[in-house]
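# Summary of structural features
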Amino acid sequence: MTEHTPVTLDTAKAVPTLPDARTVTSVKHWTDRLFSFRVTRPASLRFRSGEFVMIGLMGEPHPETSKVKPLLRAYSIASPAWDDELEFYSIKVQDGPLTSRLQHIQPGDEIILRPKPVGTLVHDALLPGKRLWLFSTGTGFAPFASLLREPETYEKFDEVIITHTCRDVAELEYSRTLIEDLKADEMMHELIGVENLAKIRYYPTTTREQSPKMGRITTLLQDGTVFRDLGIDGITVETDRAMVCGSMGLNVDIRAVLEGFGLEEGANSDPKHYVVEKAFVG
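Thresholds, definitions, all that
- Residues numbered from 1 in each chain as written.
- Predicted model: local features only at pLDDT ≥ 70, side-chain atom pairs only at ≥ 80, totals over all residues.
- Heavy atoms only, no water.
- Helix = DSSP H or I, 4+ residues; strand = E, 2+ residues; numbered from the N terminus.
- Rg over C-alpha atoms; globule rule 2.2 N^0.38 Å.
- Buried < 20%, exposed > 50% of the residue type's maximum accessible area, 1.4 Å probe, protein only.
- Contact = heavy atoms within 4.5 Å.
- Lys, Arg positive; Asp, Glu negative; His and termini not counted.
- Charge placed at Lys NZ, Arg CZ, Asp CG, Glu CD.
- Phe/Tyr/Trp six-rings, centres within 6.5 Å; stacked < 30°, edge-to-face > 60°.
- Lys NZ or Arg CZ within 6 Å of the ring centre and 35° of its normal.
- Patch = residues over 30% accessible without salt bridge, like charges linked within 9 Å, V, L, I, M, F, W, Y side chains within 5 Å.
- Areas by Shrake-Rupley, 256 points an atom, 1.4 Å probe, with all protein chains shown as cover.
- Salt bridge = Lys/Arg side-chain N within 4 Å of Asp/Glu carboxyl O.
- Pairing = 2+ DSSP bridges.
- Axes fitted to C-alpha atoms, helices over the stretch in contact; angles between N-to-C directions.
- Polar contact = N/O pair within 3.5 Å; in protein donor to acceptor, adjacent residues only side chain to side chain.
- Disulfide = S-S within 2.5 Å.

Moving on, we come to the overall build of the protein chain. When you go through the protein chain residue by residue, the secondary structure sums to 10 helices and 11 strands. A compact globule built from 282 residues should have a C-alpha radius of gyration of about 19 Å, and the protein chain, at 19 Å, falls within 12% of that. Structurally, the protein chain occupies a C-alpha span of about 60 × 45 × 40 Å along its principal axes. Here the protein chain holds 282 residues, and 52% of them are scored as buried. Counting contacts in the protein chain only where the partners sit at least 6 residues apart, residues at least 24 apart contribute 72% of the total. Seen as two clouds, the 32 positive and the 41 negative side-chain charges of the protein chain have centres 4 Å apart.

If you want it as structure tokens, here you go:
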């Protein structure tokens, strides 16, 4: 789907040395703050597109006991459930306990991956509808990268609107490239269908750098800009369903917006009109 650093694995490096070890197969740096990478997939791992797992590295030795514990964080799986590998999309935090080190991984390195997928951004948590909204900020696009490559998404909905809000234009490159490649990929044409891929409507916005569309997605929903731009009447309980993954501010504000349209929050055990990934804040 995207250009990655090639990998050549030697036998010694491929032998797991960490608990739940997976081997990095490719890495791509999108900006000085964002990168994506792919790792080998455990043969036993089964997940639903949109779920997340815990991944990480071993921490530093304890100064007194010298014991080393794994340093793990929740990461949405950006690859679809049918993919042979697992893809992740990450921010780089220079003083972050995990990402300050994770951003330096190379093909052939190993990471820890706990194969217990969970999450709310799955089709089972939504009632049937006609139009699916995928609201994301920053690396919150990751689970939607999975769902956009999942045939079930297009079987369930007539229209799929993906919004991605970032500070700068360069931070939209991952989502833009993925969607462009998705629509041009012959394998995706075979798997999903050209007519289904035509259901995707991509709506990127920036909040700091000048771009064709400026503003927070919540503001653009409240003042009706999104609806005018897309030529639709609005969001209704009868037709619209939504998934949300982004910053804490987005989660709080978009709940109010969606519930203002009459939508109710659902869960795996109680499907409703929209769901929010509470494990992600970024």
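Our focus in this paragraph is the packing of aromatic side chains. Enumeration over the complete set of coordinates arrives at nine aromatic pairs. Ring geometry for Tyr89 versus Tyr174: centroids 3.9 Å apart, planes at 15 degrees, classification stacked. Of this pair, Tyr89 sits in strand β5 (residues 85-91) while Tyr174 is found in helix α5 (residues 173-184), placing the two residues 85 residues apart along the sequence. Neither residue differs from the other here; Tyr89 and Tyr174 are each classed as buried. Of the aromatic side chains, those joined through ring pairs into one cluster are Trp30, Tyr89, Phe141 and Tyr174. Directly above the aromatic system of Trp30 lies the positively charged group of Lys28, at a separation of 4.9 Å from the ring centroid.

To continue, consider a nonpolar patch on the surface. On the surface, a cluster of nonpolar side chains totalling about 270 Å² of accessible area is made up of Trp82, Met187 and Leu191. The exposure class assigned to Leu191 is partly exposed, which follows from its relative accessible area of 38%.

Taken in spatial order, the six strands make up an open sheet running β4-β3-β6-β1-β2-β5, and their pairing is antiparallel. Strands with a single pairing partner mark the edges of an open sheet, and in this sheet they are β4 (70-76) and β5. The sheet shows a mean angle of 40 degrees between the axes of neighbouring strands, direction not considered. Note that strand β3 (residues 52-58) and β4 share seven bridges and pair antiparallel. Residue pairing across strands places Gly56 opposite Leu72, the latter belonging to β4.

Moving on, we come to the environment of Thr236. Assignment of secondary structure puts Thr236 in the loop between α9 (225-230) and β10 (240-245). Among the residues examined, Thr236 registers a relative accessible area of 31% and is labelled partly exposed. Linking Thr236 and Gly260, residues 24 residues apart in sequence, is a C-alpha distance of 10.0 Å. The residues contacting Thr236, other than those within four sequence positions of it, are Arg241 and Leu263. In terms of polar contacts, Thr236 uses its side chain to reach the side chain of Thr239, at 2.9 Å.

Bringing the sheet that holds strand β7 (residues 131-137) into the picture now. One open sheet holds the five strands; their spatial order is β9-β8-β7-β10-β11, and the pairing between them is parallel. Where the open sheet ends on each side, the last strands, each with one partner, are β9 (200-206) and β11 (274-276). Direction aside, the axes of adjacent strands within the sheet are offset by 10 degrees on average. Strand direction decides the pairing type here: β10 and β11, joined by three bridges, are parallel. The partner of Met243 across the bridge, within β11, is Val275. Sheet contacts for α5: β8 (159-166) and β9; angle to β9, the most-contacted strand, approximately 165 degrees. Against the sheet, helix α10 (residues 248-260) touches β7, β10 and β11, its axis set at about 170 degrees to β10.

Turning next to the state of the cysteines. Should the sulfur atoms of two cysteines be covalently bonded, the bond is a disulfide. Counting across every chain of the model gives zero disulfides. Cys245 supplies the cysteine sulfur nearest to Cys166, a cysteine that is in no disulfide, at a spacing of 12 Å. The class for Cys245 is buried, based on a relative accessible area of 0%.

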